[in-house]
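Tertiary structure, described
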Amino acid sequence: MPAARRAGLERRAEPEDGLTPELLATVTGARRRALRDGDRQIDTAHLLHSLVEADPEAAAAFDGDHRLARVLGYLVQRSIGYGLRWQRSVEDTGSALPVVRGASGNGADGWSPAAAAALAGAFERAARRGDRRARGLDLLAALTADPDSRAAEVLRRAGVDRAALAARIGEPSQQV
């Protein structure tokens, strides 16, 4: 990992540092959703659900309202039972994205390794853009980049072409 990237990740005591207000609302919503669902950690599906509800720019990246409605439909089903098989399990996809380390050293406290990696990916994308703060589209790009995450499973089930979504948000398709 490049030194600048490593230093940027180590500087953040909490994953929420350096987020735009919209993305902070997304993270807060994901945390509430995880607690309400009885999940031990925020995972990528929690992030995706809160992101498309809280960030109009991220929601607009989907191919029309019908596609977004399908994604939200699967996410709501997850809240009422579809995701029961995910409860009490840790989402760890083996993603190539770096894990944000918390004080315990075992990933960010309260975050699945895949969700922490997606947030780190959002920070990385913001840094490539020259911005110190991650936006919703940065997180959406990171969520689409991990093909084995819970968010990717929801997108697949909703019929979302992750490569096309990545192209709409300005992410190279070879990363999808």
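Considerations on the nonpolar core
- Grouped together as the largest cluster of nonpolar side chains are 40 residues, with contacts concentrated most on Leu48, Phe62, Val71, Leu139 and Leu140.
- When contributions to this core are tallied by element, the ones reaching two or more residues are helix H2 (21-37), helix H3 (44-54), helix H4 (56-60), helix H5 (65-79), helix H6 (113-129), helix H7 (136-145) and helix H8 (150-157).
- The element best represented in this core is H6, accounting for 7 residues.

Some remarks on the environment of Ala59
- In this structure, Ala59 sits in helix H4.
- Classification of Ala59 by relative accessible area gives buried; the value is 14%.
- Considering only alpha carbons, one finds Ala59 and Ala69, 10 residues apart in sequence, at a separation of 10.0 Å.
- Here Ala59 is in contact with Val52 and Leu68, once residues within four sequence places are set aside.

Here we look at the pattern of salt bridges
- For the structure shown, the criterion picks out 7 salt bridges.
- With a shortest N-O distance of 2.7 Å, Arg33 and Glu53 are connected by a salt bridge. Residue Arg33 is found in helix H2, and its partner Glu53 is found in helix H3; the two are separated by 20 residues along the sequence.
- On the accessibility criterion, Arg33 (11% relative accessible area) is buried.
- Salt bridges sharing common partners tie together Arg125, Arg129, Asp131 and Asp138.

Some details on H2
- Given a rise of 1.5 Å per residue, 17 residues ought to cover 24 Å, and the 24 Å separating the end C-alpha atoms of H2 matches this to within 8%.
- Regarding H2, the residues found buried are Leu23, Thr26, Val27, Gly29, Ala30, Arg33, Ala34 and Asp37. One side of H2 carries all its buried residues, which in axial view fall inside an arc of 165°. Opposite its buried face, H2 presents the exposed residues Pro21, Arg32, Leu35 and Arg36, each directed more than 90 degrees away.

Some points on the confidence of the model for the protein
- Of all residues in the protein, 69% have pLDDT values of 70 or greater, and the mean over the chain is 78.
- Mean pLDDT values for the elements of the protein range from 43 in helix H1 (residues 3-11) up to 95 in H7.
- Counting interchain partners and residues more than four positions distant, the pLDDT-below-50 stretch residues 1-13 has 10 contacts.
- A low-confidence stretch, residues 94-107 stays under pLDDT 50, and its non-local contacts, those more than four residues away or across chains, total 27 contacts.

Some details on the packing of H3 against H7
- It is at 11 Å that the axes of H3 and H7 come closest, and there the two elements cross at 140°. Looking at the two axes, H3 sits oblique to H7. Considering the relative orientation of H3 and H7, their crossing is left-handed. On H7, the residues touching Thr44, Leu47, Leu48 and Leu51 of H3 are Gly136, Leu139, Leu140 and Leu143.
- Its residues assigned to classes, the contact of H3 with H7 comprises 6 nonpolar, 2 polar and no charged.

Each value, and the rule that gives it
Residue positions are given per chain, counted from 1 along the sequence in the order it is written. Whole-chain, interface and lining totals are the exception, using all residues; otherwise, since this is a predicted model, local features are given only for residues with pLDDT of at least 70 and side-chain atom pairs are given and counted only at 80 or more. To obtain the side-chain values, all non-hydrogen atoms of the structure were used and water was disregarded. Nonpolar cores were defined as sets of buried Ala, Val, Leu, Ile, Met, Phe, Trp, Tyr and Cys residues, with membership established by side-chain atoms within 4.5 Å. The cut-offs for exposure are 20% and 50% of the maximum accessible area for each residue type, with area from a 1.4 Å probe on protein chains only; residues under the lower value are buried, those over the upper are exposed, and the others partly exposed. In DSSP terms, a helix is any run of H or I states spanning at least four residues, a strand is any run of E spanning at least two, and both are numbered starting from the N terminus. In what follows, residue pairs with any heavy atoms lying within 4.5 Å of each other are defined as contacts. What makes a salt bridge here is a side-chain nitrogen of Lys or Arg within 4 Å of a carboxyl oxygen of Asp or Glu, nothing more. The length a helix should cover is 1.5 Å for every residue beyond the first. The directions from the helix axis to the C-beta atoms form the arc being described. Values of pLDDT, the confidence the predictor places in each residue, fall between 0 and 100. Throughout, an axis means a line fitted to C-alpha atoms (over the contacting stretch in the case of helices), and angles, computed between N-to-C directions, take values from 0 to 180 degrees. The scheme is simple: roughly parallel for angles under 35 degrees, roughly antiparallel for over 145, roughly perpendicular for 65 to 115, oblique for anything else. Each crossing gets its handedness from the near helix: less than a right angle anticlockwise from the far helix is left-handed, clockwise is right-handed. Gly falls in the polar group here, along with every residue not listed as nonpolar (Ala, Val, Leu, Ile, Met, Phe, Trp, Tyr, Cys, Pro) or charged (Asp, Glu, Lys, Arg).

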